[in-house]
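Now for the letters of each chain:
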Amino acid sequence: MLKYTPLADTVLIELEKIEDEEISSGGIVIARKQTKDVQQKGKESGVVLAMGHLLDSATTGYKIGDKVCFKRYSGTYLEDEDSNLRLLSDADILAVINN
């Protein structure tokens, strides 16, 4: 069960996690130095966890579970145990990311 429930036209997003290191095929750990800009860019997309009661997939174009991108400095940051969340207005969501 989610700790936060969005109201009205807000959307709860789980931000993408940025890996700080990767492991080569030979087992060597390669650390990646991240600038603030790189860290911030990684936080412009995420997965929709919940939608306020005024929103539905027929009117928004996205649904719970979709990966979306949104305006960089929009919304409110929330922390929940091991995830970084952001609460956004529906108008801040720019596109659905199709994989």
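Residues numbered from 1 in each chain as written. Predicted model: local features only at pLDDT ≥ 70, side-chain atom pairs only at ≥ 80, totals over all residues. Heavy atoms only, no water.

Novice: Whenever I open this one, the overall build of the protein confuses me. Can you help?
Specialist: Within the protein, the regular secondary structure consists of 2 helices and 8 strands. Helices and strands appear in the protein in the N-to-C order β-β-β-α-β-α-β-β-β-β. Taken across its 99 residues, the protein has 30% of its residues classed as buried. Summarising the internal contacts of the protein: among those between residues at least 6 apart in sequence, 62% fall at separations of at least 24. Element-wise, carbon and sulfur atoms account for 52% of the exposed surface of the protein, whose accessible area totals about 6,800 Å². (Helix = DSSP H or I, 4+ residues; strand = E, 2+ residues; numbered from the N terminus. Buried < 20%, exposed > 50% of the residue type's maximum accessible area, 1.4 Å probe, protein only. Contact = heavy atoms within 4.5 Å. Areas by Shrake-Rupley, 256 points an atom, 1.4 Å probe, with all protein chains shown as cover.)

Novice: I tried to follow the sheet that holds strand 4 (residues 45-51) on my own but got confused; where do I start?
Specialist: Adjacent strands of a sheet pair through backbone hydrogen bonds, lying either parallel or antiparallel. Ordered by their spatial adjacency, 6 strands build an open sheet running 6-7-1-4-5-8, and the pairing between neighbours is antiparallel. Because the sheet does not close on itself, it has two edges, and the strands there are strand 6 (76-80) and strand 8 (93-96). Across this sheet, the average inter-strand angle for adjacent strands is 40°, counted without regard to direction. Note that strand 6 and strand 7 (residues 83-89) share 5 bridges and pair antiparallel. (Pairing = 2+ DSSP bridges. Axes fitted to C-alpha atoms, helices over the stretch in contact; angles between N-to-C directions.)

Novice: Can you walk me through the side chain of S83 in this structure?
Specialist: Structurally, the position occupied by S83 is in strand 7. With sequence-adjacent residues up to four places away left out, S83 is seen in contact with E14 and L78.

Novice: Explain the environment of G65 here, please?
Specialist: The residue G65 is located in the loop between helix 2 (57-60) and strand 5 (67-70) in this model. Once residues within four sequence positions are removed from consideration, G65 is found in contact with V47 and V48.

Novice: Explanation requested: unusual backbone geometry in the structure shown.
Specialist: Glycine aside, the phi torsion of most residues is negative, and most peptide linkages are trans. We note that A8 has phi near 50°; this positive angle belongs to a residue other than glycine. Structurally, A8 can be placed in the segment before strand 1 (10-15). Non-glycine residue E81 carries a positive phi angle of around 40°. Tracing the sequence through the fold places E81 in the loop between strand 6 and strand 7. Given the relative accessible area of 82%, E81 is considered exposed.

Novice: Is there a simple way to think about the nonpolar core in this case?
Specialist: Most often, soluble globular proteins have nonpolar side chains that are buried together. V11, I13, L15, V48, M51, L55, Y62, V68, F70, L88 and I93 together form the largest nonpolar core, which totals 11 residues. Every element with two or more residues in this core is listed here: strand 1, strand 4 and strand 5. Not counting residues within four places of it along the chain, the set of residues in contact with V48 comprises V11, L12, I13, Y62, K63, I64, G65, D66 and V68. (Core = buried A, V, L, I, M, F, W, Y, C linked by side-chain atoms within 4.5 Å.)

Novice: Explanation requested: the pairing of strand 1 in the structure shown.
Specialist: Note on strand geometry: in a regular strand, side chains alternate between the two faces of the sheet. In terms of burial, strand 1 is largely enclosed, as 5 of its 6 residues are buried. Inspection of the sheet shows strand 1 paired to strand 7 by 5 bridges, in the antiparallel sense. When the bridges of strand 7 are listed, T10 appears paired with S89. In terms of strand pairing, strand 1 meets strand 4 through 5 bridges, oriented antiparallel. Considered in strand 4, the bridge of E14 is made with V47.

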